[in-house]
Amino acid sequence: MPHTADPLAPIGVFDSGVGGLSVLRALRQKLPGESFIYVADSGHGPYGDRSPDFIEVRANALAGFLVSHRVKALVLACNTASVVAASRLRAQYTLPIVALEPAIKPAVLLTVTKVVLVLATTNTIRSPSVANLCSTYGAEVNIILQPCPGLMEQVERGLFKHSETRRLLEKYIMPGLAAGADTIVLGCTHYAFLAEEIALIAGVSVSLVEPSEAIARQLMRRLATPPAPCHTPTEAAFYTSGSPAALADFLSSVGEPHSQVYALPTAHNS
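Note that the coordinates shown come from a computational prediction; the quantities given were computed from them, not determined experimentally.

Scoring rules and cut-offs
Residues numbered from 1 in each chain as written. Predicted model: local features only at pLDDT ≥ 70, side-chain atom pairs only at ≥ 80, totals over all residues. Heavy atoms only, no water. Helix = DSSP H or I, 4+ residues; strand = E, 2+ residues; numbered from the N terminus. Buried < 20%, exposed > 50% of the residue type's maximum accessible area, 1.4 Å probe, protein only. Contact = heavy atoms within 4.5 Å. Areas by Shrake-Rupley, 256 points an atom, 1.4 Å probe, with all protein chains shown as cover. Lys, Arg positive; Asp, Glu negative; His and termini not counted. Charge placed at Lys NZ, Arg CZ, Asp CG, Glu CD. Pairing = 2+ DSSP bridges. Axes fitted to C-alpha atoms, helices over the stretch in contact; angles between N-to-C directions. Salt bridge = Lys/Arg side-chain N within 4 Å of Asp/Glu carboxyl O. Right-handed = clockwise from strand over helix to strand, strands pointing away. Polar contact = N/O pair within 3.5 Å; in protein donor to acceptor, adjacent residues only side chain to side chain.

**Side note on the overall build of the chain**
A count of helices and strands for the chain gives eleven helices and ten strands. For the chain, the C-alpha atoms occupy an extent of roughly 50 × 40 × 35 Å along the three principal directions. In the chain, which comprises 270 residues, the share counted as buried stands at 53%. Taking the contacts inside the chain whose residues are at least 6 apart along the sequence as the reference set, 77% of them involve residues at least 24 apart. In the form shown here, the chain has an accessible surface area of approximately 11,600 Å², with 55% of it arising from carbon and sulfur atoms. Counting 20 positive and 21 negative side-chain charges, the chain places the centres of these two groups 4 Å from one another.

**Some remarks on the sheet that holds strand E7 (residues 183-186)**
Sheet architecture is open: four strands sit in the order E6-E5-E7-E8, paired in parallel fashion. The sheet is open, and its two edges are formed by strand E6 (142-147) and strand E8 (207-209), each paired on a single side. Between one strand axis and the next, the sheet turns by 20 degrees as a mean value, whatever way the strands run. Of the pairings in the sheet, the one linking E7 to E8 comprises three bridges and is parallel in character. Following the sheet pairing, Val 185 is matched in E8 by Val 209. Docked against the sheet, helix H8 (residues 163-178) engages strand E5 (115-120), E6 and E7, running at close to 165 degrees with respect to E5.

**With respect to the environment of Ala 267**
Mapping Ala 267 onto the fold places it in the segment after strand E10 (261-263). According to the relative accessible area criterion, Ala 267 is exposed, its value standing at 71%. Considered as a pair, Ala 267 and Val 67 are 200 residues apart in the sequence and their alpha carbons are 14 Å apart.

**A closer look at the pattern of salt bridges**
For the structure shown, the criterion picks out nine salt bridges. The partner of Lys 161 in a salt bridge is Glu 196, with the nearest N and O atoms 3.2 Å apart. Taken together, the residues Lys 161 in the loop between helix H7 (151-156) and H8 and Glu 196 in helix H9 (residues 195-202) connect sequence positions 35 residues apart. Exposure remark for Glu 196: the relative accessible area of 53% places this residue in the exposed category. Between Glu 197 and Lys 161 there is a salt bridge; the shortest N-O distance is 2.9 Å. Placement of the pair is Glu 197 in helix H9 and Lys 161 in the loop between H7 and H8, with a sequence separation of 36 residues. The class of Lys 161 is exposed, set by a relative accessible area of 58%. Among the charged side chains, a salt-bridge network with shared partners connects Lys 161, Glu 196 and Glu 197.

**Description of the pairing of strand E2 (residues 35-40)**
Across the six residues of E2, five count as buried, placing the element largely inside the fold. Relative to E2, strand E1 (residues 11-15) is paired through five bridges, and the arrangement is parallel. Among the inter-strand pairings, Val 13 is bridged to a residue of E2, identified as Tyr 38. Between the parallel pair E1 and E2, the chain is carried across by helix H1 (residues 21-30), and the sense of this crossover is right-handed. Where E2 lies against strand E9 (residues 235-240), six bridges are found, and the strand directions are parallel.

**Re the environment of Gly 45**
Tracing the backbone through its elements, the reader meets Gly 45 in the loop between E2 and helix H2 (52-68). The spatial distance from the C-alpha of Gly 45 to the C-alpha of Ser 241 is 9.3 Å, given a sequence separation of 196 residues.

**Here we look at the side chain of Thr 80**
Among the secondary structure elements, Thr 80 is positioned in helix H3 (residues 79-92). Judged by its relative accessible area of 2%, Thr 80 is buried. Engagement of the side chain of Thr 80 in a polar contact is seen with the side chain of Thr 124, the distance being 2.9 Å. Filtering out sequence-adjacent residues up to four positions away, Thr 80 remains in contact with Tyr 47, Gly 48, Ile 55, Thr 121, Asn 123 and Thr 124.

Everything listed is a geometric property; what it means functionally is a separate question.
Right, here's the structure in full:
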């Protein structure tokens, strides 16, 4: 489907929930003149243990909604949706599509102990994309792939510092540290909101790697038109397949008060 070349068109961003807001923050910092439409698929997430067919259906529905708003680019701010659905979306649409993958390559370049811990959802861990990254960059490095069921849900609830969140983090992180990991890859965008808690558990000698800045740079390279001039502060409209009130509360808690939040239209929400 042809896409608009209008330089003032918005950029579409979607995730299975609120995790992609960490990516959106980096995009808005790098592209201060652009406007954005963000979709949180909280009514159908988490994607981590869903079937690939289900994830592809949801990714197609969200992409279709954003394309109907004539966005000039799509950002899949979700590792699971990216590894499952990005190739099909790129075959379907001609506009630039920027997808995520766990930052294994930069982590391999960073590690000194040659042990890297990757925290991600079950589907991301099992994906051919991650297997390819490990085989390509992990020949001389022990890459520990750690699925983290339940962690995304804690972030969706805004329970960053909750005792259950801490228990899950310790459960998923401590074995990797015991194996010598000095670098942790945050392989789910939700986990960026837990970076402070992860750092407290891992200690100052362990580096955290997450992809938000790299995604922003990639989007800048992929835009067919130059970034919009920065005449006014960047704008964003937010949609959700879950509760608009819950998303508004989350946005307020992470420094986005008074944001406009809308319910995702029924045609894209089933």
